[in-house]
Amino acid sequence: MTSPQFFDCIVIGAGAAGLMCAATAGQRGRRVLVLDHANKVGKKILMSGGGRCNFTNLYMEPDNYLSANPHFCKSALSRYTQYDFLELVSRYQLAYHDKGAGELFCDDKARDILNILLAECETGGVTIQTDTAITAISKQDNEQFVIDTPRGEYQCHSLVIATGGLSIPKMGATGFGYKIARQFGLKVKETEPALVPFTLSDAWLTVAQELAGVSIDISVTCRQQTFNEALLFTHRGLSGPAILQISNYWYSSDEITIDFLPTQSVAELIEHWKTAGEKATLKTLLGHYLPKRFVLTWLGLIAADLGDKLVKQLSNQEIDKLSQFFHHWTIKPSGTEGYRTAEVTRGGVDTDGISSKTFEAKTTENLYFIGEVLDVTGWLGGFNFQWAWSSGWCAGQYV
């Protein structure tokens, strides 16, 4: 039997947070090993942002994150900021652009971000090993962690769990990190898919299917949280940035309210058209502000002949219905697309059991949890990657 290999630090998970932590620790002179059960590193980085990786956001605030403890993320985000990561990528002369709202994307491809992380790991002398399933983890009386794998036994002084959440299982996501947390006495908050499309059922599903492919800039509200972004009708329900954002706040019994004309008032438009003596039909006039296919379908839901009416023919009751339907459409989604398409996982390792400074578990010395495995969920727009960089860098100072 081969003798175990010893490292100062072993990081389990070769994703954004794990590679960041490994590179940081390696460059501090620590002997670091990264283990991952997948056949390639950084799979989620490579597929993110349509293959261009929305790697951070210029307008980073703790309010962009959900957690049972909303204060937990503040320390790490302030110690390793979006500007610190920009300084790193600028050293590698990464070409990037602001897509709007501070969302920074690679000009070329997401692999550029992964290559930077791998180069940083190489600078720190980090060993990265893929195709390595972990069968057991234990801690010996001498305080060393023992990691058992089919490829042999590994031991380390510091162990970092950077295994991510449950989102996109086809990329290799599992609940392994939660299992290890419970093994060492940590609580795990209930996990659910987040940044995920909604599914609809019955009549509303039929409507969504009729409108599949139609995109509209909307305002959507749930639990007193509002987002103003695009909605996309799909064959299964509702998607698009606005829907993914609000899904972070949605629970299965909740309704969502959508305003399809957030910058206009239907009632005021009709009043203006009446005053101006407009002779066009309602569907024609509304078609200047919204996709025509949507206008026809939406007016048809109120009354079959409504779209063909001239604005001067509209009654006050019809105008009230129009305002309600276009500005306050309230619906209860039947569910979500689930982890299959969710970008992140809401919930995770309870942050009450983790140091916000070092990311060390309070139950077990030299055991660390970073990134998405924790109960910290960011908005769409580069916030989850920044959490990976910040938590990984901070833990890397102590492992």
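Up top is the structure.
Attention in this report is confined to the structure presented alongside it. (Residues numbered from 1 in each chain as written. Predicted model: local features only at pLDDT ≥ 70, side-chain atom pairs only at ≥ 80, totals over all residues. Heavy atoms only, no water.)

Structurally, the position occupied by S219 is in strand β13 (residues 215–222). For S219, a relative accessible area of 12% translates into the label buried. Within polar-contact distance, the side chain of S219 engages the side chain of N228 at 3.1 Å. Residues in contact with S219, not counting those within four places in the same chain, are T226, F227, N228, T257, I258, D259 and P262. (Helix = DSSP H or I, 4+ residues; strand = E, 2+ residues; numbered from the N terminus. Buried < 20%, exposed > 50% of the residue type's maximum accessible area, 1.4 Å probe, protein only. Polar contact = N/O pair within 3.5 Å; in protein donor to acceptor, adjacent residues only side chain to side chain. Contact = heavy atoms within 4.5 Å.)

This part is about helix α1 (residues 16–26). Taken across its eleven residues, α1 has eleven buried, putting it largely inside the fold. Turning to α1, its buried residues number three or more, namely A16, A17, G18, L19, M20, C21, A22, A23, T24, A25 and G26.

Let's shift gears to the environment of T226. Secondary-structure assignment places T226 in strand β14 (residues 225–233). By relative accessible area, which is 36% here, T226 ends up partly exposed. Distance from T226 to G240, taken between C-alpha atoms, is 15 Å for residues 14 residues apart in sequence. Setting aside residues up to four positions removed in sequence, T226 forms contacts with S219, V220 and T221. Engagement of the side chain of T226 in a polar contact is seen with the side chain of T221, the distance being 2.8 Å.

Two quantities define a packed helix pair, namely the angle between the helix axes and the distance between the axes. The interhelical angle for the contact between helix α4 (residues 82–91) and helix α5 (residues 111–123), taken along N-to-C directions, is 90 degrees, at an axis separation of 10 Å. When the axes of α4 and α5 are compared, the pair comes out roughly perpendicular. Across the interface between the two elements, F85, L88, V89 and R91 from α4 touch I113, I116 and E120 from α5. Class assignment for the residues of the contact of α4 with α5 results in five nonpolar, no polar and two charged. (Axes fitted to C-alpha atoms, helices over the stretch in contact; angles between N-to-C directions. Parallel < 35°, antiparallel > 145°, perpendicular 65-115°, else oblique. Nonpolar A, V, L, I, M, F, W, Y, C, P; charged D, E, K, R; others polar.)

Here we take up the packing of aromatic side chains. Within the structure shown, the criterion is met by 29 aromatic pairs. Through a chain of ring-to-ring contacts, the aromatic side chains of Y65, F72, F227, Y249, F359, W379, F383 and W387 assemble into a single cluster. Between R31 and the ring centre of F7, over which it is positioned, the NZ or CZ distance is 4.3 Å. Between K99 and the ring centre of F105, over which it is positioned, the NZ or CZ distance is 4.8 Å. (Phe/Tyr/Trp six-rings, centres within 6.5 Å; stacked < 30°, edge-to-face > 60°. Lys NZ or Arg CZ within 6 Å of the ring centre and 35° of its normal.)

Let us look at the sheet that holds strand β18 (residues 335–336). With respect to topology, seven strands assemble into an open sheet ordered β17-β16-β13-β14-β15-β12-β18, the strand pairing being antiparallel. In this open sheet, the two strands that pair with only one neighbour each are β17 (329–331) and β18. Relative to strand β16 (residues 256–259), helix α12 (residues 316–327) is tilted by about 115 degrees, and along the sheet it contacts β16 and β17. (Pairing = 2+ DSSP bridges.)

Let's shift gears to the sheet that holds strand β5 (residues 96–98). Taken in spatial order, the three strands make up an open sheet running β3-β6-β5, and their pairing is antiparallel. Each edge of the open sheet carries a strand with a single partner, namely β3 (54–57) and β5. Averaged over all adjacent pairs, the angle separating strand axes in this sheet is 30 degrees, with direction ignored. Note: β5 against strand β6 (residues 103–106), three bridges, orientation antiparallel. Looking across to β6, one finds that D98 is bridged to L104.

Let's shift gears to the pairing of β13. In terms of strand pairing, β13 meets β14 through eight bridges, oriented antiparallel. Counted as the bridge partner of I216 is L231 from β14. In this structure, the hairpin formed by β13 and β14 is closed by a connection of two residues, where R223 is found at a positive phi of approximately 50 degrees. Strand direction decides the pairing type here: β13 and β16, joined by three bridges, are antiparallel. Note that in β16 the partner of T221 across the bridge is T257.

With that settled, the discussion passes to the nonpolar core. Counting residues in hydrophobic clusters, the biggest one holds 126 residues, and the most contacted among them are F55, I113, F369 and W389. Of all the elements, α1 adds the most residues to this core, at eight residues. The residues contacting I113, other than those within four sequence positions of it, are I45, C53, F55, F85, V89, L94, C106 and W389. Counting residues in hydrophobic clusters, the runner-up holds five residues, among them A194, L244, V344 and L380. (Core = buried A, V, L, I, M, F, W, Y, C linked by side-chain atoms within 4.5 Å.)

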